[in-house]
Amino acid sequence: MGWYPLQDVSNSKPLFLTIYATILVGIFFSSFYVFSAIYSGKPADFNTWLTLSPSSSLSISSHRDQAPNVSTPTAVEPAPYPPSKQTRPIWEVPHHGTKMPPHKSFRLTKTLVQQRVKDNVIIVTFGNYAFMDFILTWVKHLTDLGLSNLLVGAMDTKLLEALFWRGIPVFDMGSHMSTIDVGWGSPTFHKMGREKVILIDAILPFGYELLMCDTDMVWLKNPLPYFARFPGADVLTSSDQVVPTVVDDSLDVWQQVGAAYNIGIFHWRPTRAAKKLAKEWREMLLADDKIWDQNGFNEIVRRQLGPSVDDGSGLAYAFDGNLKLGILPATIFCSGHTFFVQGMYQQLRLEPYAVHTTFQYAGTEGKRHRLREAMVFYDPPEYYDSPGGFLSFKPAIPKSLLLDGEHTIESHFYLVNYQIKQIRSALAIASLLNRTLVMPPLWCRLDRLWFPHPGVLVGSMTRQPFLCPLDHVFEVNIMLKELPEEEFGHGINIREYSFLENPSLPKQVKESWLDVQLCQGGSQDCNVSNSTTPSGVLRFPKNSKEEMFKSAFSSFKDVKVIQFSTIQDAFAGFTDKTREERFRNRVKRYVGIWCCVENHSPGHVYYDMYWDEKPSWKPVPPQSPHDDHPPW
């Protein structure tokens, strides 16, 4: 029979009863004193509070954090108050009435990182306020994957405070940077790169595995099980490799990776070799502010490369001969080329883990638009229900332009110019009706790069023709830029070609739709009117001018989506010549260049929005420096 202390005490002599009672009373009062000391009414630790997050105003679902790592390492600097054992779920906003904590409480400490760590891993990105929407997208994808062991480094106070009120785990990098987009290659851009290296060097001594990410990438699948397959790796890095070296989910064959290692996605373990690499990399960049962080990383890692660590892992010795390095496969840890242009993972029937918006044009706006085209960027609800509604059309492309003949510069431009002319008409109609234009999918025969090439990269999996990103032809940054109305007329908003298929499109937009079919003017039931057929279709005369559009569509201002079955021969021109001049000034700046012809300098060819008005127009590069300018 088991031993029951209370029963044993009740049957004993009074002396023993007294002794036991005294001991129990002592324990009670001692416990009361200890708990009173612990819970003495001090404020909560703000290092813990900043790990909390909001039920997002972007209609973002929340995921409950799991219990933090049970180890209790010593913090680099003491927290202002004893840290709580719990953290709030990401996306849970601070309670009403909460005051912004002092900025010093957001300093990066081991205690702060420990509160977010899970399975000894921390996932980190950083940026300034200009990348707020990218950061929210980055966090949203991770939380959708059930990952909460993340932190965001804020490079300016505006971002720090904005993320805190959103409920995003954030720390202060003390960078005091500008809140605007600094632009690739600028001095401030290089400063951001040095901050990354400093951050890696600061976190590794905490003893946690570090997954460091740029903000212009998104996670599509939980990568942590993949990294765990290579426990011997000190560093696993992505690359700019565009020719596949494997066709499964193995690491890329390091001997065949000739492209640069890309530091937008890489995983570090807190080993002696990794810490040594981070320290030397940091010292290199701080000694020369002209070195780009990625170039510095490649230089120092490739100082010694090889041999293989073993026969099966895919790891190689690098750096000082002791660091074990793995190259993440470009097939599933995708660059902007292997994902958006080649669709490598689709052709190989693989599941991508990540996409990084490299190999793209039109700056930050181009990156954002590509992610939107792939429907992996998160926008606020108002993005999907624009005032004035939307205009879309079904593009028409003859099979001969798309598939027949060789893939040459001439056949590429014939194909693209055919689409440009339709888009120009759609832009004009959208401007007249004050609607946002949903851009059509764009087909190309040739790839666009920064250097001469034969049309596509040799050895790549680029199919011809292929669905090309909008920034291959159009200057997305100019299309979205506010231009002076007195010179360029009213702005014309655009959306990505996949917009109407996006699951985030609200019901009130999906159910408010008008189909427009063009008909020959003067034929039966083909008049300028606002009446539709019994099936809800509006028949509208071809070659209508400005006033006819305004008259016919004035009754459909409340309709969210107007879709033309074709845009060819829909628009015959403006009647307001001032408006037409401003429109032309605007849209002729919308198209960019194709690059680049081999054996000719310069090798780029300018697209021309009004190519069809120039009978002698040909797709040739500038023949002299005098000719090297856009066609306006």
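Located above this text is the structure these notes cover.
Residues numbered from 1 in each chain as written. Predicted model: local features only at pLDDT ≥ 70, side-chain atom pairs only at ≥ 80, totals over all residues. Heavy atoms only, no water.

## Observations concerning the state of the cysteines
In step 1: Evaluation of the coordinates by the stated rule reveals three disulfides.
In step 2: Here C444 is linked by a disulfide to C468, with a sulfur-sulfur distance of 2.1 Å. What sets the handedness of the C444 and C468 disulfide is the S-S torsion sign, and at about 60° it is right-handed. With a gap of 24 residues between them, C444 in strand β15 (residues 442-444) and C468 in strand β16 (residues 466-468) connect regions that are remote in the sequence. By the burial criterion, C444 is buried, and C468 matches it.
In step 3: Across a sulfur-sulfur distance of 1.9 Å, C519 and C526 are joined as a disulfide pair. Its torsion about the S-S bond being 90°, the disulfide of C519 and C526 is classed as right-handed. (Disulfide = S-S within 2.5 Å. Helix = DSSP H or I, 4+ residues; strand = E, 2+ residues; numbered from the N terminus. Buried < 20%, exposed > 50% of the residue type's maximum accessible area, 1.4 Å probe, protein only.)

## Some points on the nonpolar core
In step 1: If you look at the biggest cluster of nonpolar residues, it comprises 56 residues, and the most contacted ones within it are F474, F553 and F564.
In step 2: With twelve residues, the single largest contributor to this core is helix α15 (residues 409-433).
In step 3: Ignoring any residue separated from it by four or fewer positions in sequence, one finds F564 in contact with L391, S392, F393, K394, I429, V516, L518, F549 and F553.
In step 4: Core analysis: the second largest hydrophobic core is formed by 55 residues, L147, L159, L328 and L371 among them. (Core = buried A, V, L, I, M, F, W, Y, C linked by side-chain atoms within 4.5 Å. Contact = heavy atoms within 4.5 Å.)

## Regarding the pairing of strand β18 (residues 513-519)
In step 1: Inspection of the sheet shows β18 paired to strand β21 (residues 561-564) by four bridges, in the parallel sense. Paired with V516 across the bridge in β21 is F564.
In step 2: Taken together, the five bridges between β18 and strand β19 (residues 537-541) define a ladder with parallel strand orientation. Looking at the pairing, Q517 lines up with R539 of β19. (Pairing = 2+ DSSP bridges.)

## Brief notes about the pattern of salt bridges
In step 1: Applying the stated criterion to the full structure yields 23 salt bridges.
In step 2: Between E613 and R584 there is a salt bridge, and its shortest N-O distance comes to 2.8 Å. Here R584 lies in helix α20 (residues 577-587) and E613 lies in the segment after β24 (605-606), a separation of 29 residues in the sequence.
In step 3: A relative accessible area of 25% means that R584 is categorised as partly exposed.
In step 4: What you see here is one network of salt bridges that share partners, running through K421, R424 and D612. (Salt bridge = Lys/Arg side-chain N within 4 Å of Asp/Glu carboxyl O.)

## A look at the packing of aromatic side chains
In step 1: Summed over the entire model, instances satisfying the criterion amount to 36 aromatic pairs.
In step 2: With a centroid separation of 5.0 Å and 5° between ring planes, the pair formed by F333 and Y353 is classed as stacked. Here Y353 lies in the loop between α12 (344-347) and β12 (354-356) and F333 lies in strand β11 (residues 333-334), a separation of 20 residues in the sequence.
In step 3: Each ring, one from F549 and one from F564, has its centre 6.4 Å from the other, and the planes form 40°; the classification is tilted. Remark: F564 occurs in strand β21 and F549 occurs in helix α19 (residues 546-553); sequence separation between them is 15 residues. For the pair F549 and F564, a shared accessibility class is recorded, and that class is buried.
In step 4: Following the ring pairs from residue to residue traces out a cluster consisting of F540, F549, F553, F556, F564, F571, F574 and F583.
In step 5: Residue placement shows R302 over the ring face of Y261; its charged tip is 3.9 Å from the ring centre.
In step 6: Sitting above the plane of the Y383 ring, R495 keeps its charged end 3.9 Å from the centroid. (Phe/Tyr/Trp six-rings, centres within 6.5 Å; stacked < 30°, edge-to-face > 60°. Lys NZ or Arg CZ within 6 Å of the ring centre and 35° of its normal.)

## Brief notes about the sheet that holds β21
In step 1: Spatially, β17-β14-β13-β21-β18-β19 is the arrangement adopted by the six strands of the open sheet, whose pairing is parallel. What marks the edges here is a single partner per strand, and that holds for β17 (494-495) and β19.
In step 2: The sheet contacts of α15 involve β13 (390-393), β14 (436-438) and β21, and relative to β13 the element is tilted by about 155°. (Axes fitted to C-alpha atoms, helices over the stretch in contact; angles between N-to-C directions.)

## Description of the pairing of β21
In step 1: Going residue by residue along β21, you find V561 and Q563 tucked away on one face and I562 and F564 tucked away on the opposite face as well.
In step 2: As paired strands, β13 and β21 are joined by four bridges and run parallel to one another. Paired with L391 across the bridge in β21 is I562.

## Notes on the packing of α15 against α20
In step 1: Interaxial distance between α15 and α20 falls to 11 Å at its minimum, and their mutual angle equals 130°. In terms of axis orientation, α15 runs oblique to α20. The way α15 lies across α20 gives a crossing that is right-handed. Side by side, α15 and α20 meet where R424, L427, A428, S431 and L432 of the first sit next to R579, F583 and V587 of the second.
In step 2: When the residues that make up the contact of α15 with α20 are grouped by side-chain class, the tally is five nonpolar, one polar and two charged. (Parallel < 35°, antiparallel > 145°, perpendicular 65-115°, else oblique. Left-handed = near helix turned anticlockwise from the far one by under 90°. Nonpolar A, V, L, I, M, F, W, Y, C, P; charged D, E, K, R; others polar.)

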